Amino acid sequence: MKALNQILERARRDPQRIVLCEGQDERVLQAAVKAAEDGIARILLVGSGAAMAAGARELGVSLSGVELLDPADSPLTEPLAEALFSLREKKGMTREQASAAVREPLCFANMLVREGHADGSVAGAVNTTADVVRTAIQLLGLAPGSKLVSSFFLMMLCKPFHNLKGGMIFSDCGLVIDPDAEQLAQIAMAAADSARALLDEEPRVAMLSFSTSGSAQHGNVEKVVEAAREVKSRRPGLAIDEDVQLDAAIVAEIAERKLPDSKVRGNANVLIFPDLEAGNIGYKLAERIGGAEAIGPLLQGLAKPANDLSRGCSVDDIYHVIAVTTVQAQSLSSVTEA
Ligand SMILES: CC(C)(COP(=O)(O)OP(=O)(O)OC[C@H]1O[C@@H](n2cnc3c(N)ncnc32)[C@H](O)[C@@H]1OP(=O)(O)O)[C@@H](O)C(=O)NCCC(=O)NCCS
Ligand SMILES: CC(=O)OP(=O)(O)O
């Protein structure tokens, strides 16, 4: 739990304003109250004030430590609608459409982040990943230098039966469905940066495939090799194995047998999946059969932090994503201040 405790401690040192827009869901309400009480974030809850108050009464929790914002009567609604109109007018959005859209909690929450009223958003306990991510991409945009938004999970392995212990990054398990080689290279570089930011370790990247060092020939393998070579040319110092099977990526003895000149030596902490089918199935296997804690999907490549959840998430999952969002927002504010 070291990596997770470090993230929680970092969040507590400088809690950021994190907005949640699914306060009608009791898991979200519980996580919001716990996050505010523990001081890992300053929580803004967006939704129907009456529904959130009723939910809190039913759960027996107090919302006194969180800020409630109802798009139906908030003084921010009209200015946010105007800002949304300016942003999306060139994409064909009318003023009336902007005014209606901003009354949707997901849109309102991301506009709060865009306009500087909040430092990051978390949604996805109720909304689908596609809706959460599309809204974040459209309203927050890309980070400088980034060409692609992708996602990763922070996978925590801390059960007594886990041979490997600590945090790992799995990417992309939630967003880019069928990346080409260039996109896969972008995903790998962003995931390496995410590992550095959140694991406090140097990244050791495995470009996963059903082939290890050319043991199988197929277009899918060639894509992974091309992506890995692209990463190597752009990040010459990065420890990365191209076309490597999962066993050789994480088991030292198997790496020695299958890939003797490995840079990662069976000790990968960043697993890059070749496409979303492999990634989404892979992380759910590790979580549901392997007993790993899956925090995410966390987004990388956005101008400001916005993170997603699986609709199957627990209160703890939401709480942990709030903490990560605070840490991501801290990094951004320190870059802005520098
Ligand atoms: C994220 C996702 C919704 C975007 O696809 P989409 O809705 O077809 O998006 P569109 O192609 O209409 O693009 C919407 C906007 O986002 C941009 N965009 C889409 N994907 C992007 C990406 N990965 N990075 C950067 N920009 C992206 C487009 O340029 C477009 O911008 P615009 O509206 O300003 O022109 C899609 O990739 C998706 O459904 N992914 C899978 C999500 C999922 O179901 N995961 C499984 C559970 S976790
Ligand atoms: C990440 C993911 O798979 O999300 P969901 O379970 O909500 O589809």
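What counts as what
- Residues numbered from 1 in each chain as written.
- Chains lettered and ligands numbered in written order.
- Predicted model: local features only at pLDDT ≥ 70, side-chain atom pairs only at ≥ 80, totals over all residues.
- Heavy atoms only, no water.
- UniProt positions renumbered as here; feature names shortened; annotations may be inferred.
- Disulfide = S-S within 2.5 Å.
- Buried < 20%, exposed > 50% of the residue type's maximum accessible area, 1.4 Å probe, protein only.
- Helix = DSSP H or I, 4+ residues; strand = E, 2+ residues; numbered from the N terminus.
- Contact = heavy atoms within 4.5 Å.
- pLDDT = per-residue confidence, 0-100.
- Phe/Tyr/Trp six-rings, centres within 6.5 Å; stacked < 30°, edge-to-face > 60°.
- Lys NZ or Arg CZ within 6 Å of the ring centre and 35° of its normal.
- Pairing = 2+ DSSP bridges.
- Axes fitted to C-alpha atoms, helices over the stretch in contact; angles between N-to-C directions.
- Near = heavy atom within 4 Å.
- Polar contact = N/O pair within 3.5 Å; in protein donor to acceptor, adjacent residues only side chain to side chain.
- Areas by Shrake-Rupley, 256 points an atom, 1.4 Å probe, with all protein chains shown as cover.
- Patch = residues over 30% accessible without salt bridge, like charges linked within 9 Å, V, L, I, M, F, W, Y side chains within 5 Å.
- Salt bridge = Lys/Arg side-chain N within 4 Å of Asp/Glu carboxyl O.

- As named in an unreviewed UniProt entry, the chain is Phosphate acetyltransferase, taken from Halomonas nitroreducens.
- Taken verbatim from the UniProt record of the chain, the Pathway (unreviewed entry) comment is "Metabolic intermediate biosynthesis; acetyl-CoA biosynthesis; acetyl-CoA from acetate: step 2/2."
- Regarding the chain, the relevant UniProt record gives this comment under Sequence similarities (unreviewed entry): "Belongs to the phosphate acetyltransferase and butyryltransferase family."

1. So, the state of the cysteines
Okay, step 1: Within this structure, the stated rule accounts for 0 disulfides.
Okay, step 2: For the unlinked cysteine C21, the closest cysteine sulfur is that of C107, found at 10.0 Å.
Okay, step 3: Among the cysteines around C313, which has no disulfide bond, C21 carries the closest sulfur, lying 12 Å off.
Okay, step 4: Judged by its relative accessible area of 6%, C313 falls in the buried class.

2. Let's talk about the environment of R311
Okay, step 1: Inspection of the secondary structure puts R311 in the loop between strand 11 (306-307) and helix 13 (315-337).
Okay, step 2: Taking the C-alpha atoms as reference, R311 lies 8.6 Å from T129; in sequence the two are 182 residues apart.
Okay, step 3: In this structure, R311 is in contact with R27, G124, A125, V126, N127 and T128, ignoring residues within four places of it in sequence.

3. Overview of the confidence of the model for the chain
Okay, step 1: When pLDDT is averaged across the chain, the result is 95; 98% of the residues are at 70 or more.
Okay, step 2: The ipTM for the predicted assembly is 0.94, set against a pTM of 0.93.

4. Some thoughts on the UniProt feature "domain: Phosphate acetyl/butaryl transferase" (unreviewed entry) in the chain
Okay, step 1: UniProt records the feature "domain: Phosphate acetyl/butaryl transferase" (unreviewed entry) for residues 4-325 in the present numbering.
Okay, step 2: Annotated as residues 4-325, this span is 45% helix and 17% strand, and its ends, taken at the C-alpha atoms, are 13 Å apart.

5. Structural notes on the packing of aromatic side chains
Okay, step 1: Counting across every chain of the model gives 2 aromatic pairs.
Okay, step 2: Sitting above the plane of the Y319 ring, K34 keeps its charged end 4.1 Å from the centroid.

6. Section: the pairing of strand 5 (residues 150-157)
Okay, step 1: Among the 8 residues that make up strand 5, 8 are buried, leaving the element largely enclosed by the rest of the structure.
Okay, step 2: Where strand 5 lies against strand 10 (residues 293-300), 6 bridges are found, and the strand directions are antiparallel. Along strand 10, the bridge assignment pairs S150 with Q300.

7. Comments concerning the sheet that holds strand 6 (residues 166-171)
Okay, step 1: Judged by pairing direction, the sheet is mixed, and its 6 strands sit side by side in the order 8-7-9-6-5-10 without closing on themselves. With partners counted over all chains shown, the strands left at the sheet margins are strand 8 (239-244) and strand 10, one partner each. The sheet shows a mean angle of 20° between the axes of neighbouring strands, direction not considered.
Okay, step 2: Helix-sheet contacts for helix 9 (residues 219-234) involve strand 7 (204-208) and strand 8, and the interaxial angle to strand 8 is about 165°.
Okay, step 3: Packing against the sheet, helix 12 (residues 276-288) makes contact with strand 5, strand 6 and strand 10, and its axis sits at approximately 20° to strand 5.

8. What to know about the site of ligand 2
Okay, step 1: Around ligand 2 sit T129, F153, N280, Y283, K284, P297, S310 and R311, and that is every residue in its neighbourhood.
Okay, step 2: Between ligand 2 and K284, the relevant distance is 2.9 Å, taken from an oxygen atom to a side-chain nitrogen or oxygen of the residue.
Okay, step 3: Contacts to ligand 2 include S310, whose side-chain N or O atom sits 2.8 Å from an oxygen atom.
Okay, step 4: Alone, ligand 2 offers 260 Å² of accessible surface; in the complex the protein occludes 85% of this.
Okay, step 5: Here the element with the most residues in the shell around ligand 2 is helix 12; it accounts for 3 residues.

9. Quick look at a nonpolar patch on the surface
Okay, step 1: Residues I281, L285 and I289 make up a contiguous nonpolar surface patch of about 330 Å² in total accessible area.
Okay, step 2: Summarising the element assignment, I281 is placed in helix 12.

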